[in-house]
Amino acid sequence: QVQLEESGGRLVQAGGSLRLSCATSGLTFSNYLMGWFRQPPGKEREFVAAISRSGGTTRYADSVKGRFTISRDNAENTVYLQLNSLKPEDTAVYYCAADRNVHLTSSSTSSRTYDHWGQGTQVTVSS
């Protein structure tokens, strides 16, 4: 049974930092590219970042580029999202997702591409 479990979300002040983790089990982690998405209150889920199977290639939404960093540890079956310079508009439930596609492409920004999802972790940024 595939499981993805996010952690690390909390209330933080604007300008602060957080590191989200997504621990996986039940899949061969290194065979999946991984993504982070978020769903702000009252809005649709949106792409945040993605990372290739090896970790050598990453992709970011324009809104987080330069502030967020995605990384992975294939030995620990875990993907991370470092969030810096947080803004109130970053408030959302953050989800990690796993995709069996071999290559990180523009389609990796679509939630429909992903095969497995976590339950999400809440990040709230106060002004």
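Residues numbered from 1 in each chain as written. Predicted model: local features only at pLDDT ≥ 70, side-chain atom pairs only at ≥ 80, totals over all residues. Heavy atoms only, no water.

Peer 1: I would appreciate a short explanation of the overall build of the protein chain in the present structure.
Peer 2: In terms of regular secondary structure, the protein chain is built from 0 helices and 11 strands. For the protein chain, the N- to C-terminal ordering of α and β elements is β-β-β-β-β-β-β-β-β-β-β. Relative to the compact-globule value of 14 Å for 127 residues, the protein chain shows a C-alpha radius of gyration of 13 Å, a close match. Viewed in the frame of its principal axes, the protein chain has a C-alpha envelope of about 40 × 25 × 25 Å. Sorting the 127 residues of the protein chain into buried and exposed places 43% on the buried side. Long-range contacts, defined as pairs at least 24 residues apart, comprise 60% of the intrachain contacts of the protein chain with a sequence gap of at least 6. Summed over all atoms, the accessible surface of the protein chain reaches about 6,400 Å², with 41% contributed by carbon and sulfur. In the protein chain, 13 positive and 11 negative side-chain charges are present, and the distance between their average locations comes to 4 Å. (Helix = DSSP H or I, 4+ residues; strand = E, 2+ residues; numbered from the N terminus. Rg over C-alpha atoms; globule rule 2.2 N^0.38 Å. Buried < 20%, exposed > 50% of the residue type's maximum accessible area, 1.4 Å probe, protein only. Contact = heavy atoms within 4.5 Å. Areas by Shrake-Rupley, 256 points an atom, 1.4 Å probe, with all protein chains shown as cover. Lys, Arg positive; Asp, Glu negative; His and termini not counted. Charge placed at Lys NZ, Arg CZ, Asp CG, Glu CD.)

Peer 1: Please explain the packing of aromatic side chains as it appears in this structure.
Peer 2: How two aromatic rings sit relative to each other is set out by the distance from centre to centre and by the angle between their planes. One pass over the structure, following the stated rule, counts 4 aromatic pairs. Judged by centre distance (5.7 Å) and plane angle (75°), the ring pair of Phe-37 and Phe-47 falls under edge-to-face. Of this pair, Phe-37 sits in strand β4 (residues 33–39) while Phe-47 sits in strand β5 (residues 46–51); the two residues are 10 residues apart in sequence, bridging distant segments of the chain. In this structure Phe-37 comes out as buried when scored by relative accessible area, which is 1%. For Phe-47, a relative accessible area of 12% translates into the label buried. In this structure, Arg-45 is placed above the aromatic ring of Tyr-95, and the distance from its NZ or CZ to the ring centre is 3.9 Å. (Phe/Tyr/Trp six-rings, centres within 6.5 Å; stacked < 30°, edge-to-face > 60°. Lys NZ or Arg CZ within 6 Å of the ring centre and 35° of its normal.)

Peer 1: Please clarify how the pairing of strand β1 (residues 3–7) should be interpreted in this entry.
Peer 2: On a regular strand, one side chain projects to one face of the sheet and the next to the other, so that they alternate. Of the two faces of β1, only the one carrying Leu-4 and Glu-6 is buried; Gln-3, Glu-5 and Ser-7 on the other face are not. Summarising the sheet, β1 and strand β3 (residues 18–25) pair through 5 bridges and their orientation is antiparallel. Paired with Leu-4 across the bridge in β3 is Thr-24. (Pairing = 2+ DSSP bridges.)

Peer 1: Even after reading the chapter, I still don't get the nonpolar core, so can you show me in this structure?
Peer 2: A general feature of soluble globular proteins is that nonpolar side chains tend to end up buried together. Counting residues in hydrophobic clusters, the biggest one holds 35 residues, and the most contacted among them are Trp-36, Val-79, Leu-81 and Tyr-94. For this core, the elements supplying multiple residues, two or more each, are β3, β4, β5, β7 (68–73), β8 (78–83), β9 (92–99) and β11 (121–126). Residues in contact with Val-79, not counting those within four places in the same chain, are Leu-20, Ser-21, Cys-22, Phe-29, Met-34, Trp-36, Ile-51, Ile-70, Ser-71, Arg-72 and Cys-96. (Core = buried A, V, L, I, M, F, W, Y, C linked by side-chain atoms within 4.5 Å.)

Peer 1: How should I be thinking about the pattern of salt bridges in this particular structure?
Peer 2: A side chain with one charge can pair with a side chain of the opposite charge if their charged atoms come near. In total, this model carries 5 salt bridges according to the counting rule given. A salt bridge links Glu-46 to Arg-38, with the nearest nitrogen and oxygen atoms 2.6 Å apart. For Asp-115, the salt bridge is made with Arg-100, and the minimal N-O distance between the two is 3.2 Å. Placement of Asp-115 in the loop between β9 and β10 (116–117) and of Arg-100 in the loop between β9 and β10 is noted, with a sequence separation of 15 residues between them. Connected through shared salt-bridge partners, Arg-38, Glu-46, Arg-67 and Asp-90 make up one network. (Salt bridge = Lys/Arg side-chain N within 4 Å of Asp/Glu carboxyl O.)

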